[in-house]
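What follows is each chain in one-letter form.
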Amino acid sequence: MAPKPAYRELTPAALIGGVLVGALLNMGICFAGLQIGFTIVGSTVAAVLGFGILRGILRKGSILEVNIFQTVASSVNTVNAGVIFTVPVLFLLGFEDDINYTALLLAAVAGSALGVMLIIPLRKQIIDFERLRFPEGTAVATILRSPGAGVEKSRLLIGGIVVSAFTIVMVKQKVWGETVDLGEIFGVPATFNLILAVSLLSIGAGFLAGRGGLVVLYGTLLNYWVLIPAALLLGWLPGDLGSTDEMLVDVSSLTSLAHGDAAATFFSKFSHFTSRHVGIGMILGGAIAGILLAAPALKAALASLKQGGSASGPSEEVSLTVLKIGSAFGLLLLLLATKMAGGDSVSWGEATLVMIAGGIWLWVAGLVVAQTTGRTDWSPLSGLALIAIAIMMGILGTDSSSIVPAVTVGAAICVATSMCADMMADLKTGYLVGSKPAKQQIAQIMTCWIGPAIAVATVVLLWKAYAFGPEQAGVLFERAQLAGGSTLEAYQNAGGTIDQLPEGVPKLGAPQAGALESAIKIVQSGDVPLGKYLAGALIGILASLLISPGIGVMVGLSLYLPFEYMAVFGIGGIIALLLSRWKGAHWTENKGVPVAAGLIVGDALVNIIYAIKDVAQSL
Amino acid sequence: MKYLAQLFFIGGFCLATVGAAGFSDPIEPNAMLMFGVGLALCLAGGILLRRAAHAEAHQKAADGLSEEGLAGAIAGIEQEVRTLLAEADTLDQHGLCKSIDAILQGSFFDVGSRNEDYMRVLGNATYTRYWDGFAVAERLLARSWSMAADGACEEARAELPGVLSNIARAGASP
């Protein structure tokens, strides 16, 4: 009789399959991110594909093997968020000829490695002790457990997927609007924002967050119903904002605000000027206070790593020695990348300072995104990247020669923070299905260099092929003019002008990079609102120390993100609490969680399908 | 007192946040005053809320939300795992999955879903001592369930002694 094969967990099929699926998702989402301005986290899609490939096609996958597959695929894919937010800005600012591509690649790989190495010691505190929900991580675990969880839970999961997918298709096809203005329906003055997103994903994530949803709702109402009207009444609007056409409304009078797009634009822009910076400060303060409060748990986590695991066995976590060597290697890469990117304009002393400051900030930012993702599924990635670049420019100077090394290091930090959020969500999934953390960590360490390489290469290739940004047509026209002759003729024959893209060239507006470009210009002009950051941090620290470590982080996040999604997220939390009181915690867990997971999965699947469709149509 | 404390805290939080939004360059008129008063109200409300929480902790101790209550709940889980371990060899795949799930969704869920309350009432240091073993045991039991659901019953049974040793470690923490 042939010996029974060992239970499948960390296998070559999971690693190779995960890398291949992650690479495809990475390229597709990079393209979509440059086009639409935001990226899609691919964990749920990777889990579904892992199921299909390992269990459906190869017919030998296990729940824990699919977990490794999904961990690898999402880690290879997810770093694109860090790359497409930062790297394109170098091209938009006209530094194409000054970019050291090797340095850029080294920096992105360093960021990815450091993100993994620095977040592993926090696993025990965030997942075991704080038990943060990680809505997407929980949704993925629900998918993985579905074959053995019984018919009823599977039906609820599929029901959630179908309802959510149908809703998002209706929105994408413009049958339904992206938002509903309840204020207009119920006759509430437009000054009190009641615009809600048609987003079942947000409801599902809020449901899984539970009580946390209430705190988010409080923060959102504080921002939009108290802070903005109060600041408006007090006349704190920057002088040059009210007069621009972009505002679409006369902000000098509260009563002039009309419902509809004008109100949405108003709230978006005003929130940016009043509360966004305070919100980021509050998140940072809350996270730092959380670390202080969690000192005993961190001590236990480090003790566990020193033992190479806990009492349950020697291989539960990657050893502290591996983490120390990996972190040292990552920091060395960051040092080299900084020096190579800056050339003669950056001394070794400055590069060392950048490495130290970058390493510290990367750890703080990683902790912040792990906390925010754990509590809500959202993270202030762009805000943290902006602060990172501002810190680097503070060290290297604000003149043009410093921008390339500053953005290069900023890219490393942005990649690291996106990696931290993804890895913690995957470890949460692993906790729920019972994976050994060490196996997930090894899989992620082995493959963490692949995603940044693919994302950087994709961005550079897209720039070379199509250019991107608000002036995309102008850049392509200039290139055609320089080439002259038949190239220019072909360009013009395809309908291309200085203002209009030729037929067949996809429009890649790179809106996130455009936002970072404006931010860099603000840093250069010295108008960084440091006072708002510090005041927000003080509130965050105080609230977290006095009440709960989560308060500062969650209220800060709701000051930072748009009302329409945060309010819907809060509604999800209220539904969970009401159901829990009405039907009991067990009922809510057994019936509600599969539905909520389905709502998240359905939305993610449809968004990925549309992204693939967009890429296919454009190429 | 609790409601007054909440009013102080929430009102102070709002006022301080509005004040913080006025920290432009130059600082808006009244922003500093609003921030300072807000922060003071926040501090007063927070301190009062902490006092109220301590008083509430005594009440909660009666509901089992105390160190003794947690130790008792963990001892109950330990007994359930012992019973499962003793019966595991006689259970088929479906029975094993069902028995493991009953403990995961039952006792582990009951204790785990109150983690924030335990953290608040026991304090971080005491909470961490109990929770280290509890969390490892919960994960290993989930691992056992996944293996049983995949039909790997032998491997699933082999994980159960690890679950028992960790939950026993949690119970023996003090």
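The structure this text deals with has already been given above.
None of the values given here were measured: they were computed from a predicted structure.

Draft legend 1. Examining the overall build of chain A more closely. Looking only at helices and strands, chain A features 27 helices and two strands. Taking all 619 residues of chain A together, the buried fraction comes to 60%. Long-range pairs, those at least 24 residues apart, make up 80% of the contacts in chain A with a sequence separation of at least 6. Working note: accessible area of chain A is about 22,900 Å², and carbon and sulfur atoms make up 66% of it.

Draft legend 2. Main features of the overall build of chain B. A tally of regular secondary structure across chain B gives seven helices and zero strands. Mapped from its N terminus to its C terminus, chain B presents α and β elements in the order α-α-α-α-α-α-α. For chain B, with 174 residues in total, the buried portion stands at 51%. Residue pairs at least 24 apart in sequence account for 70% of intrachain contacts in chain B once pairs closer than 6 positions are excluded. Carbon and sulfur atoms form 59% of the exposed surface of chain B, whose accessible area is close to 7,600 Å².

Draft legend 3. Layout of helix H4 (residues 80–92) of chain A. Residue and element names in this part refer to chain A. With 13 residues, H4 ought to run about 18 Å at 1.5 Å a step, and its terminal C-alpha atoms sit 18 Å apart, in line with that. Most of H4 is tucked away, with 13 of its 13 residues classed as buried. Phi turns positive, to about 85°, at Gly94, one or two residues after H4.

Draft legend 4. Expanded view of the side chain of Thr338 of chain A. All names here are of chain A. Mapped onto the elements, Thr338 comes out in helix H15 (residues 320–342). The class of Thr338 is buried, set by a relative accessible area of 0%. Of note is the side chain of Thr338, whose polar atom sits 2.6 Å from the backbone oxygen of Leu334. In this view, Thr338 contacts Val346, Ala351, Val354, Pro405 and Val409; residues no more than four positions away in its chain are not counted.

Draft legend 5. Summary view of the pattern of salt bridges. One pass over the full model with this rule turns up 19 salt bridges over all chains. Its salt-bridge partner being Glu96 of chain A, residue Lys464 of chain A comes within 3.5 Å of it at the nearest N-O pair. Taken together, the positions of Lys464 of chain A in helix H20 (residues 450–466) and Glu96 of chain A in the loop between H4 and helix H5 (101–119) put the pair 368 residues apart, joining distant regions of the chain. Among the residues examined, Lys464 of chain A registers a relative accessible area of 47% and is labelled partly exposed. Using a relative accessible area of 26% as the deciding quantity, one classes Glu96 of chain A as partly exposed. Here the residues in one salt-bridge network are Arg123, Lys124, Asp128 and Glu317 of chain A together with Asp132 and Arg169 of chain B, joined through shared partners.

Draft legend 6. Fine view of the interface of chain A and chain B. Contacts between the two partners involve 62 residues from chain A, matched on the other side by 60 residues from chain B. Taking both sides of the interface into account, the surface hidden between chain A and chain B amounts to around 5,000 Å²; carbon and sulfur atoms contribute 63%. In this assembly, chain A and chain B are joined by five salt bridges. Here Glu9 of chain A and Arg143 of chain B are joined by a salt bridge, their closest N and O atoms 2.8 Å apart. Linking chain A to chain B there are 19 residue pairs in polar contact (both at pLDDT 80 or more). For the side of chain A that touches chain B, the element with the most residues is helix H24 (residues 530–546) of chain A, which contributes 10 residues.

Draft legend 7. Layout of the packing of aromatic side chains. Scanning the model with the defined rule gives 13 aromatic pairs over all chains in all. A ring pair is formed by Phe166 of chain A and Trp176 of chain A, whose centres lie 5.7 Å apart and whose planes are at 85°; its orientation type is edge-to-face. One end of the pair, Phe166 of chain A, is in helix H8 (residues 151–172); the other, Trp176 of chain A, is in the loop between H8 and strand E1 (179–181), with 10 residues separating them in the sequence. For Phe166 of chain A, a relative accessible area of 46% corresponds to the partly exposed category. Summarising the aromatic geometry, the rings of Tyr118 of chain B and Trp131 of chain B are spaced 6.2 Å apart at their centres and angled 45° between planes, so their arrangement reads as tilted. Note that Tyr118 of chain B is positioned in helix H5 (residues 115–122) and Trp131 of chain B in helix H6 (residues 124–149), a separation of 13 residues in sequence. Owing to a relative accessible area of 0%, Trp131 of chain B belongs among the buried residues under this scheme. Put simply, the rings of Phe108, Tyr118, Tyr127, Trp131 and Phe134 of chain B touch in pairs and so form one group of aromatic residues. Here Lys583 of chain A stacks its cationic end above the ring of Trp582 of chain A, 5.2 Å away from the centre of that ring.

Draft legend 8. How the structure looks around H24 of chain A. Helix length check: H24 of chain A (17 residues) gives 24 Å between terminal C-alpha atoms against 24 Å at 1.5 Å per residue, within 8%. Taken as a whole, H24 of chain A has its buried residues at Lys532, Tyr533, Ala535, Gly536, Ala537, Ile539, Gly540, Leu542, Ala543, Ser544 and Leu546 of chain A.

Draft legend 9. Looking closely at unusual backbone geometry. One non-glycine residue, Lys174 of chain A, adopts positive backbone phi at about 65°. Looking at the element boundaries, Lys174 of chain A is found in the loop between H8 and E1. At Asn30 of chain B, a residue that is not glycine, the phi angle is positive and equals roughly 75°. Structurally, the position occupied by Asn30 of chain B is in the loop between helix H1 (2–21) and helix H2 (31–62).

Draft legend 10. Up close: the packing of helix H13 (residues 276–293) of chain A against H24 of chain A. Residues and elements named next belong to chain A. At a minimum axis separation of 6 Å, H13 and H24 run at an interaxial angle of 40°. Viewed along their axes, H13 and H24 adopt a mutual orientation that is oblique. Relative to H24, the crossing made by H13 is right-handed. Listed contacts from H24 to His277, Val278, Ile280, Gly281, Met282, Gly285, Gly286, Ala289 and Leu293 of H13 are Lys532, Tyr533, Gly536, Ala537, Ile539, Gly540, Ile541, Ser544 and Leu545. Grouping the constituent residues of the contact of H13 with H24 by class yields 10 nonpolar, seven polar and one charged.

Draft legend 11. Focus on a nonpolar patch on the surface. On the surface, Leu332, Leu336, Met340 and Trp348 of chain A cluster together to form a nonpolar patch covering roughly 370 Å² of accessible area. For Leu336 of chain A, a relative accessible area of 35% puts it in the partly exposed group.

Draft legend 12. Inspection of the packing of H5 of chain B against H6 of chain B at higher detail. Residues and elements named next belong to chain B. The interhelical angle for the contact between H5 and H6, taken along N-to-C directions, is 135°, at an axis separation of 6 Å. As summarised for this structure, H5 and H6 are arranged oblique, according to the angle between their axes. Judged by the sense of rotation from one axis to the other, the crossing of H5 with H6 is right-handed. Residues Asn115, Tyr118, Met119 and Leu122 of H5 pack against Asn124, Thr126, Tyr127 and Trp131 of H6. Of the residues that constitute the contact of H5 with H6, the class distribution is five nonpolar, three polar and no charged.

Draft legend 13. Representation of the side chain of Lys124 of chain A. Structurally, Lys124 of chain A is set in helix H6 (residues 123–129). Its relative accessible area of 2% is what places Lys124 of chain A among the buried residues. Of note is the side chain of Lys124 of chain A, whose polar atom sits 3.0 Å from the side chain of Asp132 of chain B.

Draft legend 14. Broad picture of the environment of Gly359 of chain A. All names here are of chain A. In this structure, Gly359 sits in helix H16 (residues 348–376). With 245 residues separating them in the primary sequence, Gly359 and Leu114 have C-alpha atoms 8.1 Å apart. Aside from chain neighbours lying at most four places away, what touches Gly359 is Leu118, Leu331 and Val354.

The rules behind these values
Residues numbered from 1 in each chain as written. Chains lettered and ligands numbered in written order. Predicted model: local features only at pLDDT ≥ 70, side-chain atom pairs only at ≥ 80, totals over all residues. Heavy atoms only, no water. Helix = DSSP H or I, 4+ residues; strand = E, 2+ residues; numbered from the N terminus. Buried < 20%, exposed > 50% of the residue type's maximum accessible area, 1.4 Å probe, protein only. Contact = heavy atoms within 4.5 Å. Areas by Shrake-Rupley, 256 points an atom, 1.4 Å probe, with all protein chains shown as cover. Expected span 1.5 Å × (residues − 1). Polar contact = N/O pair within 3.5 Å; in protein donor to acceptor, adjacent residues only side chain to side chain. Salt bridge = Lys/Arg side-chain N within 4 Å of Asp/Glu carboxyl O. Buried area = accessible area lost by both parts, 1.4 Å probe. Phe/Tyr/Trp six-rings, centres within 6.5 Å; stacked < 30°, edge-to-face > 60°. Lys NZ or Arg CZ within 6 Å of the ring centre and 35° of its normal. Axes fitted to C-alpha atoms, helices over the stretch in contact; angles between N-to-C directions. Parallel < 35°, antiparallel > 145°, perpendicular 65-115°, else oblique. Left-handed = near helix turned anticlockwise from the far one by under 90°. Nonpolar A, V, L, I, M, F, W, Y, C, P; charged D, E, K, R; others polar. Patch = residues over 30% accessible without salt bridge, like charges linked within 9 Å, V, L, I, M, F, W, Y side chains within 5 Å.

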